[in-house]
Amino acid sequence: MTLTIATWNINSVRLRIDLVTAFLEAHKPDILCLQEIKCAEANFPSAAFTRLGYKHQVVHGQKGYHGVATVSRHPFVDAGRRGFCGKDDARHVHVVLPDRDVPITLHNFYVPAGGDEPDPAVNEKFAHKLAFLEEMKSWLTGAETNRPAILVGDLNIAPLEHDVWSHKQLLDVVSHTPVETNLLDAVQQAGGWIDAMRHFVPADEKLFTWWSYRAQDWAASNRGRRLDHVWVTPPLRGRLLGIEVLREARGWARPSDHVPVIARIAA
DNA sequence: ATGGCTAACAACGTTAGA
C-alpha cells in the first residue's frame, strides 16, 4: 500500500481548476496540498474536488492572494491552521491522517516570498519572511521529531547550490541568499526534518520546481529554482518510496509557474 | 546588465508574486 501526497503552488485555483482536475485524474494522489489558491474559502471550487472523490477539504484562504488548501480522498482525524507573525494571511493549514499506530501530521505551508531587496532593514517583506521562518523554527521544534510528520509546500527558498540554475548569480537574489538558506537549514535541523526530495536526488544534480514566467523559453533557458519542498520526520524516513517532480506541467496551457511534486510513502 | 510575465480586483492601475 502506498500513500501518495502531492504539493502544488497553483497560482489561482479558480483560474486553473481544469489543470488541477486533469492532474488528479492522471496521477490520482491520495492527498493534494495547494498553495496560492488566491480566493476566500467561500469561493474555493469545492465541488470540482468532491466530484473526483476529494471530498475531505481543509481550506485556509482569503480574498485575492496567498491561501492554502489540503484536499483528500480519505478522512482526516483532525485539522487546524496557524497564523504566523501575528497575521492571519492564510499561509498554513495542517491535517492529521490515520496511520498504522500513530497518526501522521501533514503541514501545508506557503512561506512569504520576501520581495526584491534581501535586506530586512529596508524591505519589510524580507523582514517578514525571516520572522516567519524564525517562528516556524520555534514552533516545529522538538516533539515533532519523534512523531510521524510531513511538511510540504512552497517554502520560497532554494537551499542548495544545485537547487538554482546558477548558485553564483543568485547569491544576492531573494530565495537563495545565505541568510535565507541558513535559516531554512536551522528550521530543518530544529525539527529533525529530512529533505525527502534530496533523499532521492543527489545534491550535485540540478532539481527545480519553479521557472519564471518572464523567460522567453523556460525549458530552453532552464533557469529554475527548487522552491517547493517535501520534508518528513525520522519515523517516516524508512517508509519513503519515491519523489516525482512533474516538470511537464510547466509546459501545459496557461500553467502555474510552479509544478507539482509527488511523494510516495509506504502505508 | 536588463527586461522580461501573470493574476486578482469595489479593476483600466495597483499590489503581489520571486
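Residues numbered from 1 in each chain as written. Chains lettered and ligands numbered in written order. Predicted model: local features only at pLDDT ≥ 70, side-chain atom pairs only at ≥ 80, totals over all residues.

Asker: Is there a simple way to think about the overall build of chain A in this case?
Answerer: Within chain A, the secondary structure is distributed over seven helices and 14 strands. The C-alpha atoms of chain A give a radius of gyration of 17 Å, which matches the 18 Å a tight globule of 267 residues would have. Projected onto the principal axes, the alpha-carbon positions of chain A cover approximately 45 × 45 × 35 Å. Counting all 267 residues of chain A, 41% fall into the buried class. Restricting to contacts in chain A with at least 6 residues of sequence separation, those with at least 24 account for 65%. (Helix = DSSP H or I, 4+ residues; strand = E, 2+ residues; numbered from the N terminus. Rg over C-alpha atoms; globule rule 2.2 N^0.38 Å. Buried ≥ 20, exposed ≤ 12 C-beta atoms within 10 Å, placed from the backbone. Contact = placed C-beta atoms within 7 Å.)

Asker: Sorry, what's going on with the environment of Thr 145 here?
Answerer: For Thr 145, the location among the structural elements is in the loop between α3 (124-139) and β8 (149-154). Once the C-alpha coordinates of Thr 145 and Ala 190 are considered, the two residues, 45 residues apart in sequence, prove to be 8.5 Å apart.

Asker: For this particular structure, what's the right way to read the protein's contact with DNA strand B?
Answerer: Contacts to DNA strand B come from 23 residues, most closely from Ser 12, Ala 113, Ser 175, Tyr 213 and Arg 214. The residue makeup of the surface near DNA strand B, split by class, is eight nonpolar, seven polar and eight charged. (Near = placed C-beta within 6 Å. Nonpolar A, V, L, I, M, F, W, Y, C, P; charged D, E, K, R; others polar.)

Asker: How should the sheet that holds β8 be read in this particular structure?
Answerer: Two modes of strand pairing occur in sheets, parallel and antiparallel, and in both the strands are linked by backbone hydrogen bonds. The strand order across the open sheet built from six strands is β5-β6-β7-β8-β12-β9, with neighbouring strands paired in mixed fashion. Lying at the two open borders of the sheet, with one neighbouring strand each, are β5 (78-80) and β9 (194-195). Pairing between strand β7 (residues 104-110) and β8: six bridges, direction parallel. If you follow Asn 108 over to β8, its bridge partner there is Val 152. (Pairing = 2+ DSSP bridges.)

Asker: Whenever I open this one, the packing of α3 against helix α5 (residues 178-191) confuses me. Can you help?
Answerer: To describe two helices that pack against each other, one gives the angle between their axes and the distance between the axes. Remark: α3 packs on α5, axes separated minimally by 8 Å, with the N-to-C direction vectors making an angle of 15°. With respect to α5, the axis of α3 lies roughly parallel. Our pair here, α3 against α5, has a crossing hand that is left-handed. Touching Leu 130, Leu 133, Met 136 and Lys 137 of α3 are Val 179, Leu 183, Leu 184, Ala 186, Val 187 and Ala 190, all from α5. Residue composition of the contact of α3 with α5, by class: nine nonpolar, no polar and one charged. (Axes fitted to C-alpha atoms, helices over the stretch in contact; angles between N-to-C directions. Parallel < 35°, antiparallel > 145°, perpendicular 65-115°, else oblique. Left-handed = near helix turned anticlockwise from the far one by under 90°.)

Asker: Before we go on, may I ask you to explain the environment of Leu 207 in this structure?
Answerer: Turning to its location among the elements, Leu 207 is positioned in the loop between α6 (196-200) and β10 (210-211). In sequence terms Leu 207 and Met 197 are 10 residues apart; their C-alpha atoms lie 8.9 Å from each other. Residues contacting Leu 207, with those up to four places away along its chain left out, are His 162, Asp 163, Met 197, Val 201, Arg 226 and Val 245.

Asker: Is there a simple way to think about the pairing of strand β14 (residues 261-266) in this case?
Answerer: Burial along β14 is one-sided: the face carrying Val 261, Ala 263 and Ile 265 is buried and the face carrying Ile 262, Arg 264 and Ala 266 is not. Summarising the sheet, strand β1 (residues 2-9) and β14 pair through six bridges and their orientation is antiparallel. Across the sheet, residue Thr 7 finds its bridge partner in β14, namely Val 261. Here strand β13 (residues 240-245) pairs with β14 via five bridges, running antiparallel.

Asker: Even after reading the chapter, I still don't get the nonpolar core, so can you show me in this structure?
Answerer: As a rule of thumb, nonpolar side chains are buried together in soluble globular proteins. Judged by nonpolar contacts, the single largest core of 63 residues is most densely connected at Ile 5, Leu 32, Leu 34, Ile 37, Ala 69 and Ile 150. In this view, Ala 69 contacts Leu 34, Ile 37, Phe 44, Gln 57, Val 58, Val 59, Gly 61 and Val 93; residues no more than four positions away in its chain are not counted. (Core = buried A, V, L, I, M, F, W, Y, C linked by C-beta atoms within 7 Å.)

Asker: Which parts of the structure should I look at to understand the sheet that holds strand β4 (residues 68-72)?
Answerer: Taken together, the six strands give an open sheet; going across it, the order is β3-β4-β2-β1-β14-β13, and neighbouring strands pair in mixed fashion. Unpaired on one side and paired on the other, β3 (56-60) and β13 mark the two borders of the sheet. Taking each pair of neighbouring strands and ignoring which way they run, the sheet shows an average axis angle of 10°.

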